[in-house]
Protein chains: 2
Amino acid sequence: MTTIKEVAKLAGVSVATVSRALNNSGYVSEEARKKVESAVKELNFYPNEVARSLYQKKSKLIGLLLPDIANPFFPLIAKGVEDGVNQRGYSLLLGNVEDDLEKEKDYLKIFAQNNIAGVISAVQGDIKDLQNMPFVLLDRVESDQNFSVHSDDYTGGMMAAEAIVSRDPKEIVIMVGPKEVPSSAARLAGNQKVLKDHQLDYQIFQTSSFKFELAEQTAEQFFDTYPNVDSVIASNDVYAIAVMKEALKRGRRIPEDVQIIGYDDMPFSRMMYPGLATIAQPAYEIGYRGAKLLCDILEKGFVEVSRIQLPVILKIRESVRKKDEDE
Amino acid sequence: MTTIKEVAKLAGVSVATVSRALNNSGYVSEEARKKVESAVKELNFYPNEVARSLYQKKSKLIGLLLPDIANPFFPLIAKGVEDGVNQRGYSLLLGNVEDDLEKEKDYLKIFAQNNIAGVISAVQGDIKDLQNMPFVLLDRVESDQNFSVHSDDYTGGMMAAEAIVSRDPKEIVIMVGPKEVPSSAARLAGNQKVLKDHQLDYQIFQTSSFKFELAEQTAEQFFDTYPNVDSVIASNDVYAIAVMKEALKRGRRIPEDVQIIGYDDMPFSRMMYPGLATIAQPAYEIGYRGAKLLCDILEKGFVEVSRIQLPVILKIRESVRKKDEDE
DNA sequence: TTGAAAGCGCTACCAA
DNA sequence: TTGGTAGCGCTTTCAA
């Protein structure tokens, strides 16, 4: 490993001058700069971030907390976050938390031990655990003073319900995600607003998790509970796909006998057959904007907008019937 | 941030003693240890990894290089790697490379700047770029002296072909992944061995990428090129699913008119309808074993086995027809 | 068994 | 405009 000392020696200047030249801080004569530059090139020198970080008490690392990287919604978020922080010179320390509060705490400790510059979190944990680290929350809407990026769940819920309402529903069941997840509640509220406005009856099927592994058995329970359901507003695309499969297995046609709308628009949703109608959340964008927001906080110390809400988009695909007026 | 100095002061000993007590290195009297422990507890002290890492010239971080985290095969690998390294006290620095050689180099530099302990890579880049960092390669079989974990692609290719052969194929097309990817070649060799042994004709459809975004248009081209195909050996599950969708769109029944077998067994493959028959690669296990292998290298300095090959499993699902003998 | 002190690579202060 | 130097928090000699 080449150090600043060796560069200084080769350039015939002091380490202080090299440091100044490298960081464009303080006075460096044109001549000295030239000498440093060529020494840096010759030795293929790049500064050790660990030493920097020790002195600054702040590294170029950002901690990323994810609930479950195997859930196909989160890799996209991660990609957005990564692109965003990279552009500003930061890298990511990965923390896949698995809905485990202990694991989350462990990671926050590790983050602190590594002089992390900030945290981007998409998990539901306790904000207080974040201590004094700068942070941005993704896909969570809790208290009002938070720095966060999320999409418009209430409107999304309304759009999903409207898509169903306008397609001749007979028996509507809303599949609701875990109660603790704020976005589930907002979506449900949006669903209900629309259904009530149209004076339509509906049932609620509460799920306790978004976990991939539970989707199939949940779908079975779902149809056991509501065998005659004809219109499903699913909690997310993973569960919607499981419901679709279960419906087809039970010999029900989609969308003729059962129509389904999901939530998220995962990459796979459009590759289903029939294609899954859904509310598209801009997952990559959520991550990307979250990254930018955090970087702004870190660099400027303040931000104009601290809560970013992104729009959702209705994606009509073949898993829902044709609209009433189209018929 | 609490430092070792404050702990020393509170405990009434020197920082050297605190350090020794924390690391169980050198002599520490029982009495001193007690005092240190209670001071640590009282101050809620935890050591700064950055300072440690600066002195040791080696951090507790491991760099993870992935080709594309949005490809559903890799989050599972990442999860395995993460669990594996966590158990040994390491954390992950994420490097999503996007099949971009420059980006890979950038990440390796960042890894070096952060005194990374080692690298786990699932990308196809140049090994020499890894310089002197200890590394483990996943899912790659290149030269013989490498540290690597991969699954048995040749056998997997044979299994896929056998599954088709025993199911009354009429017109077989093998969809082959990118030429540069060693595992594609091995799978193809396995396919061909079996087909030749059975003296069956087949066509080869070469793809240039594993990229998710290209799957749908590739599937279209596939059917344009081979409109009468009745048995498809796909390069992976993503492309198999795209082929399934395209077949259904064209009014061909699965598996009666077209039968398909994939490769990987992504979580979604079993949630398709019909379920996608495939060769299951133990993605999580590949990551986990890779992590263990690297940790062994780092801690012991040597390993008994440096190349780990994991078995693959044939998963028969409804996307292939019934076996000849079953009829 | 202990503590003083050097040093990991870098930045920033201060004096020249 | 420059260089000497202290110090970031920790580990590890080495002498006591």
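Attention in this report is confined to the structure presented alongside it. Remember, it's a predicted structure, so these values are computed and weren't measured experimentally. (Residues numbered from 1 in each chain as written. Chains lettered and ligands numbered in written order. Predicted model: local features only at pLDDT ≥ 70, side-chain atom pairs only at ≥ 80, totals over all residues. Heavy atoms only, no water.)

Some remarks on the overall build of chain A
Using the following cut-off: The way it works is that DSSP assigns letters per residue, a run of H or I at least four long becomes a helix, a run of E at least two long becomes a strand, and they are numbered from the N terminus. This radius of gyration counts C-alpha atoms alone. The globule rule is 2.2 Å times how many residues there are, raised to the power 0.38. Exposure categories follow from relative accessible area, calculated using a 1.4 Å probe and restricted to protein chains: below 20% of the type maximum is buried, above 50% is exposed, and the middle band is partly exposed. In this description, contact between two residues means that some pair of their heavy atoms is separated by no more than 4.5 Å. Accessible areas in this description were obtained via Shrake-Rupley with a 1.4 Å probe; residue shielding takes into account the shown protein chains only. The convention is simple: Lys and Arg are positive, Asp and Glu are negative, and His and the chain ends are not counted. Charge coordinates come from a single atom per side chain, which is NZ of Lys, CZ of Arg, CG of Asp or CD of Glu.
When helices and strands are counted, chain A shows eleven helices and twelve strands. Relative to the globule expectation of 20 Å for 327 residues, the C-alpha radius of gyration of chain A, 25 Å, shows a markedly less compact shape. Classification of the 327 residues of chain A by burial places 58% in the buried group. Contacts spanning at least 24 positions in sequence make up 71% of the contacts within chain A whose residues lie at least 6 apart. Counting only carbon and sulfur atoms, one obtains 50% of the accessible surface of chain A, whose full area is about 14200 Å². Taking the average location of the 40 positive side-chain charges in chain A and that of its 48 negative ones, the two points are 7 Å from each other.

Brief notes about the sheet that holds strand 9 (residues 259–261) of chain A
Residues and elements named next belong to chain A. Convention followed: Strand pairing follows a simple DSSP-based rule, namely that at least 2 bridges must link the two strands. For helices, the fitted line uses only the C-alpha atoms of the stretch in contact; every axis is such a line through C-alpha atoms, and the angle between N-to-C directions lies from 0 to 180 degrees.
Taken together, four strands build an open sheet; the order of strands is 7-6-8-9 and the sheet is parallel. Of all strands in the sheet, those bounded by a partner on one side alone are strand 7 (202–206) and strand 9. Geometrically, the sheet is characterised by an average inter-axis angle of 20° between neighbouring strands, direction not taken into account. Sheet topology note: the strand 8 (residues 231–233)/strand 9 ladder contains three bridges and is parallel. Counterpart to Ile-233 in the pairing with strand 9 is Ile-261. Contacts between helix 9 (residues 215–225) and the sheet are confined to strand 6 (172–176), strand 7 and strand 8, with strand 7 contributing the most and set at about 145° to the helix. Relative to strand 9, helix 10 (residues 237–249) is tilted by about 165°, and along the sheet it contacts strand 6, strand 8 and strand 9.

A closer look at the packing of aromatic side chains
Residues and elements named next belong to chain A. Basically, it comes down to this: Note on aromatic contacts: the rings of Phe and Tyr and the six-membered ring of Trp form a pair at centre separations within 6.5 Å, being stacked when their planes are under 30 degrees apart, edge-to-face when over 60 apart, and tilted otherwise.
Within the structure shown, the criterion is met by 17 aromatic pairs over all chains. An angle of 85° between the planes, with centres 5.1 Å apart, marks the rings of Phe-205 and Phe-222 as edge-to-face. Taken together, the positions of Phe-205 in strand 7 and Phe-222 in helix 9 put the pair 17 residues apart, joining distant regions of the chain. A connected cluster of aromatic rings, assembled from ring pairs, spans Phe-205, Phe-222, Phe-223 and Tyr-226.

Describing helix 4 (residues 49–56) of chain A
For clarity, the threshold we go by: This arc is built from the directions going out from the helix axis to the C-beta atoms. Here a polar contact means two N or O atoms within 3.5 Å. Within protein one must be a hydrogen donor candidate and the other an acceptor candidate, and residues neighboring in sequence count only if both atoms are side-chain atoms.
Looking at helix 4 of chain A, one finds that the buried residues are Glu49(A), Val50(A) and Ser53(A). Around the axis of helix 4 of chain A, the buried residues are gathered within 100° of arc, so they sit on the same side. Among the structural elements, helix 4 (49–56) and helix 6 (101–113) of chain B are those in contact with the buried residues of helix 4 of chain A. N-capping of helix 4 of chain A is provided by Asn48(A), with a side-chain oxygen placed 2.6 Å from the backbone N of Val50(A). Looking one or two places after helix 4 of chain A, you find Lys57(A), whose phi comes out positive at around 60°.

A look at the relation of the copies chain B and chain A
The line we're drawing: Alignment of copies: least-squares fit on C-alpha atoms of residues with pLDDT of at least 70 in both copies.
Mapping chain B onto chain A is achieved by rotating through 180° and translating by 0.0 Å along the same axis, at an RMSD of 0.1 Å. Here the two chains are linked by the operation of a two-fold rotation axis. Rotation axis and chain B: the residue whose C-alpha lies nearest the axis is Leu93(B), separated from it by 2.3 Å. When the interface residues of chain B are mapped onto chain A, 100% of them again fall at the interface, so both copies present the same face.

All quantities given are derived from atomic positions and should not be read as evidence of function.
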